[in-house]
Amino acid sequence: MAITGYTGPEFKSIQPAYNPIIYRVQDISASVPTVIYCDIYFNHFYYKTLSSNSPVLIIGGSSFWDFDISGIAQEFLESKIDRISRPEAATGTPIMGEIFTVPPYIVAGTHYGATRCYVKFRTSTVDAYGVVTPEGPVPIQATVDSPAYEGAGYAADNFMIVNAASQWNYQIADLEKHLNSYRRTGVFGLPGLQVNPLNKIYPLSHLVKGNIYANDFGSFPILIMRDGFYVWGGSSYIYSASQLVSVALEMYDINGARIYYVYSAFQTLESESIYTIPVGIENLSVLFPLMTTYISNCHYYQVFIWNSTSIGGDVLFVTPKYYIRQASSTNAPDHVRIWFKNYLGQMDQINFKVRNEITKVNSLPTETPEIYRHDGDNIKRKGMSRNNVRSNEHNEVSDVFQEWELPLLKELMGTADAYIEVPDIEWPYIGIGTREYSSTLLPIVIEDAEYITRRYEDRYQYEVFLKYRFSHENKIIRN
C-alpha cells in the first residue's frame, strides 16, 4: 500500500465547479490495488467518496488512477439569491453583503457560492477469497445526529471551488487569470490613488459598464482569494487573511470631473470569501444621503473598496462605471430590471425599457349531461364548462444595446435562474412593531428562442428582444 503522489489543483488555486477537476494518483504497491478511494472534504468536513477499480495507466511497478470531483462539487454547491436590501450603517447592518466565508467564520450548514476543498486518497487490499478491505480508518459522513469523522489517507493540498463555469471560448484555462482580465486597474480618484494589483480580489461578473435608473437596486459580486489582502505589516508588506475596509463612492459629470466623493464606516472583510458591493442608487442613497443632490449632474459613478490603514491609503477594488440613464427616482421611465445568475454563479442585472405583456390562458373543455328538473335551478346548471384552467403572464421586453454589452446578454439568454426587480413591496413584522418597504425579486423563466447576438452590418447598436414568463402561474378559483 503505497500512494506516492498525485497531480491536481494547485495549492490556494480557484477551480470552477462546472469544469473537470481532475486528480491523477500514483500507486507503487507490489501488485495493482483492486480499488483506490478518493475521499472529498468540503469546508474541512468529509462529504463523499469516489472509488475506482481500473487504473488508467500502468508503467512498470506504478499504476495511475484518475478522479474527477467536479460532479460532487456541483452537487454540494448552490448560489445564494438574497432579498434586496438597503444597507444601514447606523443599525449595524453590514454594508457589503456576505455570501460565503470559509470556516470557522461560515455559518453552520451554509455553502453558498464556493467551498474550500481537499481530498485524501486511500488504497485497499484483497484476500484469497476476493474480499476487498479499504485502508482505514474510513471517514464517516455527518448525519442529523452525529458530526462527520475524518479518515486516513494521502492528503492533497487544499484549494477553493467556485460555483462557476469556464466557457470554451474564454481561451484561458486558469480561472484566476480569466477573472483578473476583468479587474479594473490603474489610477482612479481618492484622490489619484491606484488599485493595488497585488490584492487578490476579483470580479465574479463579466460586466464592463453598467446602466442604471435612479430607482434601481444593484449589487456587484467579488471573490477574495485565500490570504488575498496585501497590507502593510509594520516593516514590510505581507499577505493577510482579513482587512478593515470602507466602501467609497465617486460621482463624475459628463466631462469626467469628480463632483462628489464619500466613504462609509469601516468593516472587516475575510479572505477566501464572496461578497457583494452595493452599486444601485437605491442602495447607495441610504448609505450616502447627500449623493441625491448630485444625481442630476452625475453622468456616471463607481464604487471602491478602500483600505485607509495602508501607507497613504490603498484601493483594493473598483467596480465598473455605472451610467445614470434617468436621474429622477420618481419620474424614472417604466422599465424592467432583470437579475440573473451569470456563468460565474452570481447575480448580474440588466435593464430593458420597452415591455409588452400577454396573458395566456388554456383549459380543457368539460361537458356535463343535461338533467331536466322542474325547479328554477335547472337553468343554472352547466352544460359546457372549462376545466384545468391555467393562466400566466408572458412578457416581451426590448432595448438597444452596444456590441460590448452582448456577451453579458448571452449569459442572460442562457441562464437557468432569473428574476425581475419589483419595487415597493411591504414587509411587515421586521422587528417588533415595524414595517419595511423594499423591493423584491420575482422569479421568471426566460423563453427558449433564437437571439441575434452578432451581425456584420450595422454592428454598433443592437435592438434586443427578450421573452419571459412568470415562474408562478395565476391562481384559479375552481369551486
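About the thresholds
Residues numbered from 1 in each chain as written. Predicted model: local features only at pLDDT ≥ 70, side-chain atom pairs only at ≥ 80, totals over all residues. Heavy atoms only, no water. Helix = DSSP H or I, 4+ residues; strand = E, 2+ residues; numbered from the N terminus. Buried < 20%, exposed > 50% of the residue type's maximum accessible area, 1.4 Å probe, protein only. Contact = heavy atoms within 4.5 Å. Areas by Shrake-Rupley, 256 points an atom, 1.4 Å probe, with all protein chains shown as cover. Salt bridge = Lys/Arg side-chain N within 4 Å of Asp/Glu carboxyl O. Core = buried A, V, L, I, M, F, W, Y, C linked by side-chain atoms within 4.5 Å. Pairing = 2+ DSSP bridges. Axes fitted to C-alpha atoms, helices over the stretch in contact; angles between N-to-C directions. Phe/Tyr/Trp six-rings, centres within 6.5 Å; stacked < 30°, edge-to-face > 60°. Patch = residues over 30% accessible without salt bridge, like charges linked within 9 Å, V, L, I, M, F, W, Y side chains within 5 Å.

Novice: Any chance you could explain the overall build of the chain here in plain terms?
Specialist: Per the secondary structure count, the chain includes 5 helices and 31 strands. For the chain, the proportion of its 479 residues judged to be buried stands at 47%. When contacts within the chain are restricted to residue pairs at least 6 apart in sequence, long-range pairs at least 24 apart make up 71% of them. For the chain, the computed accessible surface area is about 24700 Å², with 51% contributed by carbon and sulfur atoms.

Novice: Would you mind going over the pattern of salt bridges with me for this structure?
Specialist: Where side chains of opposite charge bring their charged atoms close, a pairing between them can arise. On inspection of all chains with the given rule, the structure shows 13 salt bridges. Members of the salt-bridge network, linked through shared partners, are D216, R337 and E421.

Novice: I would appreciate a short explanation of the nonpolar core in the present structure.
Specialist: Judged by nonpolar contacts, the single largest core of 57 residues is most densely connected at I222, L249, Y301 and F352. Of all hydrophobic cores here, the second largest spans 22 residues; its members include A17, I36, L77 and F159.

Novice: Hey, could you run me through the sheet that holds strand β16 (residues 219–224) in this one?
Specialist: Consider a sheet: its strands pair through backbone hydrogen bonds, and that pairing is either parallel or antiparallel. On the basis of which strands lie adjacent, the open sheet formed by 4 strands has the order β8-β21-β16-β14 and antiparallel pairing. Strands at the two margins of the open sheet, each flanked by one partner only, are β8 (97–101) and β14 (201–203). Across the sheet, the mean angle from the axis of one strand to that of its neighbour is 25°, orientation sign disregarded. Pairing analysis gives 4 bridges linking β8 to strand β21 (residues 273–278), with the strands arranged antiparallel. Within β21, the residue paired with T101 across the bridge is S273.

Novice: I keep staring at the environment of Y260 and nothing clicks. Help me out?
Specialist: Relative to the helices and strands, Y260 is located in strand β20 (residues 258–270). By relative accessible area, Y260 is classed as buried at 11%. With residues up to four places along the chain from it excluded, the contact list for Y260 reads L249, E250, M251, F288, L290, M291 and Y294.

Novice: Would you take a moment to explain the sheet that holds strand β3 (residues 22–27) for this structure?
Specialist: Strand order in the open sheet formed by 4 strands is β1-β3-β7-β6, with antiparallel pairing between adjacent strands. The sheet is open, and its two borders are formed by β1 (3–7) and β6 (57–59), each paired with just one other strand. Averaged over all pairs of adjacent strands, the angle between their axes in this sheet comes to 25°, without regard to strand direction. One ladder, built from 3 bridges, connects β6 with strand β7 (residues 62–68); its direction is antiparallel. Note on β7: the bridge partner recorded for I59 is S62.

Novice: What is the right way to look at the packing of aromatic side chains in this model?
Specialist: Two descriptors summarise a pair of aromatic rings, namely the distance from one centre to the other and the angle between the planes of the rings. Following the criterion strictly, the structure yields 21 aromatic pairs and no others. With a centroid separation of 6.0 Å and an interplanar angle of 35°, the aromatic rings of F220 and F317 are classed as tilted. In this pair, F220 sits in strand β16 while F317 sits in strand β23 (residues 314–318), placing the two residues 97 residues apart along the sequence. Per residue, the accessibility class of F220 equals that of F317, and both read buried. Consider the rings of Y230 and Y239, whose centres lie 5.0 Å apart with planes at 55°: the pair is tilted.

Novice: What am I meant to see in a nonpolar patch on the surface here?
Specialist: On the surface, a nonpolar cluster with roughly 250 Å² of combined accessible area is contributed by V56, L57 and I59. Within the secondary structure, L57 sits in strand β6.

Novice: What is the right way to look at the environment of F352 in this model?
Specialist: With respect to the secondary-structure elements, F352 resides in strand β26 (residues 347–352). Contacts of F352, omitting those with residues within four sequence positions, involve H335, V336, I338, V397, S398, D399, F401, L409, L412, V464 and L466.

Novice: What should I look at first to understand the pairing of strand β18 (residues 237–240) in this one?
Specialist: Successive residues of a regular strand alternate their side chains across the two faces of the sheet. Note that strand β17 (residues 229–232) and β18 share 4 bridges and pair antiparallel. The residue of β18 that forms the bridge with F229 is S240. Turn length for the β17-β18 hairpin, with the two strands adjacent in sequence and antiparallel, is 4 residues, and the turn residue G234 shows positive phi of about 110°.

Novice: Teacher, can you tell me more about unusual backbone geometry here?
Specialist: Peptide bonds are trans in most cases, and residues, glycine excluded, mostly fall at negative phi. Across the junction of G136 and P137, the peptide omega takes the value 0°, indicating a cis bond. Residue placement: P137 occurs in the loop between β11 (132–134) and β12 (154–155). Located in the positive-phi region is N43, a residue other than glycine, with phi close to 50°. Turning to its location among the elements, N43 is positioned in the loop between β4 (36–42) and β5 (45–52).

Novice: How do you make sense of helix α5 (residues 406–413) when you look at a structure like this?
Specialist: With 6 of 8 residues buried, α5 lies mostly within the body of the structure. Listed in full, the buried residues belonging to α5 are L406, L408, L409, E411, L412 and M413.

Novice: Where do I start with the side chain of S391 in this structure?
Specialist: Structurally, S391 is set in strand β28 (residues 384–402). Non-local contacts of S391, meaning those with residues more than four positions away in its chain, are made with T359, K360, V361, E473, N474 and I476.

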